[in-house]
Amino acid sequence: MIIVNGQDGARHEFDAKKGQALMWQLRPLKAGVVGLCNGNAACGTCHVYVAPEWADRLEAPDEYEEEMLAEMSNRQKFSRLSCQIEYQPDLDGLELTVAPRR
Ligand code: FES
């Protein structure tokens, strides 16, 4: 299960699909994740803030994600691109907040 706080403040909970990047699973929620570049770490429209207690449990961003995040004016300490986070069962309970529009 994943917990997602949308841009409008609404809270969503859903059972994520193993092996699929979160962006694809967040987009249908209409909670603010757009995914314009279809998961290529090139648009930033899948930007989320990971709950602090989860930040160390995710793999670190690769150089492409890091470059994109570096361009984001609303970057925070636990910012991630949800297209670069593949859901695995060890992420059960993960909580995210969709970043506001830039
Ligand atoms: Fe474009 Fe994630 S979908 S950066």
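Everything that follows concerns the structure shown earlier in this document.
Each chain has its residues counted from 1, following the order in which its sequence is written. Totals for whole chains, interfaces and linings use all residues, but because this is a predicted model, local features are given only for residues with pLDDT of at least 70 and pairs of side-chain atoms are given and counted only at 80 or more. Side-chain metrics in this entry use all non-hydrogen atoms of the structure; hydrogen atoms and water are not considered.

> Would you mind going over the packing of aromatic side chains with me for this structure?
The description of an aromatic ring pair uses the distance of the two centres, along with the angle that the planes make with each other. Only rings of Phe, Tyr and Trp enter the pairing, Trp through its six-membered ring, and a pair is recorded when the two centres are within 6.5 Å. The plane angle decides the type: under 30 degrees is stacked, over 60 is edge-to-face, the rest tilted. Scanning the entire structure with this criterion turns up zero aromatic pairs. The criterion is that NZ of a Lys, or CZ of an Arg, lies within 6 Å of the ring centre and within 35 degrees of the ring normal, and then a charge sits over that ring. Residue placement shows Arg 57 over the ring face of Trp 54; its charged tip is 4.0 Å from the ring centre.

> Is there a simple way to think about the sheet that holds strand S2 (residues 11–14) in this case?
In a beta sheet, neighbouring strands are held together by backbone hydrogen bonds and run either parallel or antiparallel to one another. Taken together, the five strands give an open sheet; going across it, the order is S2-S1-S5-S3-S4, and neighbouring strands pair in mixed fashion. Looking at the sheet topology across the chains shown, the edges are occupied by S2 and strand S4 (79–81). Sheet twist, expressed as the average angle between the axes of neighbouring strands with direction ignored, equals 35°. DSSP calls a pair of strands paired once it identifies at least 2 bridges connecting them. Where helices and strands are cited, they refer to DSSP runs of H or I of at least four residues and of E of at least two residues respectively, numbered from the N terminus. By the bridge criterion, three bridges tie strand S3 (residues 47–50) to S4 in an arrangement that is antiparallel. Paired with His 47 across the strands is Leu 81, a residue of S4. Contacts between helix H3 (residues 63–70) and the sheet are confined to S3 and S4, with S4 contributing the most and set at about 120° to the helix. In this analysis, axes come from line fits to C-alpha atoms, helices being fitted only over the stretch in contact, and the angle between any two N-to-C directions falls in the range 0 to 180 degrees. Residue contacts are defined here by distance: any two heavy atoms, one from each residue, within 4.5 Å place the two residues in contact.

> Can you walk me through a negative patch on the surface in this structure?
Residues Asp 62, Glu 63, Glu 67 and Glu 71 make up a contiguous surface patch of negative charge. Among the structural elements, Asp 62 can be located in the loop between helix H2 (52–55) and H3. The rule is simple: take the accessible area with a 1.4 Å probe, protein chains only, and divide by the maximum for that residue type; under 20% is buried, over 50% is exposed, in between is partly exposed. Residue classification places Asp 62 among the partly exposed positions, given a relative accessible area of 37%. Surface patches are defined over residues having more than 30% relative accessible area and no salt bridge, joining like charges when they lie within 9 Å and nonpolar side chains (Val, Leu, Ile, Met, Phe, Trp, Tyr) when within 5 Å. Note on areas: Shrake-Rupley with a 1.4 Å probe; residue coverage comes only from the protein chains shown. Think of a salt bridge as a Lys or Arg side-chain nitrogen and an Asp or Glu carboxyl oxygen that are within 4 Å of each other. Positive residues here are Lys and Arg, negative ones are Asp and Glu, while His and the chain termini are left out of the count. By convention, the charge on Lys lies at NZ, on Arg at CZ, on Asp at CG and on Glu at CD.

> When you look at unusual backbone geometry in this model, what are you seeing that I'm missing?
For residues that are not glycine, phi is negative in most cases, and the peptide bond is trans in most cases. The phi angle at Asn 38 is positive, at roughly 55°, despite the residue not being glycine. Here the phi dihedral of Ala 41 falls at roughly 55°; this positive angle occurs in a residue that is not glycine. One can find Ala 41 in the loop between helix H1 (22–26) and S3.

> Just to check I follow, could you spell out the pattern of salt bridges for this structure?
Where charged atoms from two side chains of opposite charge come close, those side chains can pair. Enumeration according to the criterion identifies four salt bridges in this entry. Salt-bridge contacts for Arg 80 lead to Glu 65; the nearest nitrogen and oxygen are separated by 2.7 Å. Residue Arg 80 is located in strand S4, and its partner Glu 65 is located in helix H3; the two are separated by 15 residues in the primary sequence. Of the two residues examined, Arg 80 and Glu 65, each falls in the buried class.

> What am I meant to see in the nonpolar core here?
One broad trend across soluble globular proteins is that nonpolar side chains are buried collectively. With 27 residues, the main nonpolar core has Ile 2, Leu 22, Leu 26, Leu 94 and Leu 96 as its most contacted residues. Listed by contribution, the elements that provide at least two residues to this core are strand S1 (2–5), H1, S3, H3 and strand S5 (95–98). Excluding anything up to four places from it in sequence, Ile 2 contacts His 12, Glu 13, Phe 14, Ala 16, Leu 22, Tyr 87, Leu 91, Leu 94 and Leu 96. What we call a nonpolar core is a set of buried Ala, Val, Leu, Ile, Met, Phe, Trp, Tyr and Cys residues that are connected through their side-chain atoms within 4.5 Å.

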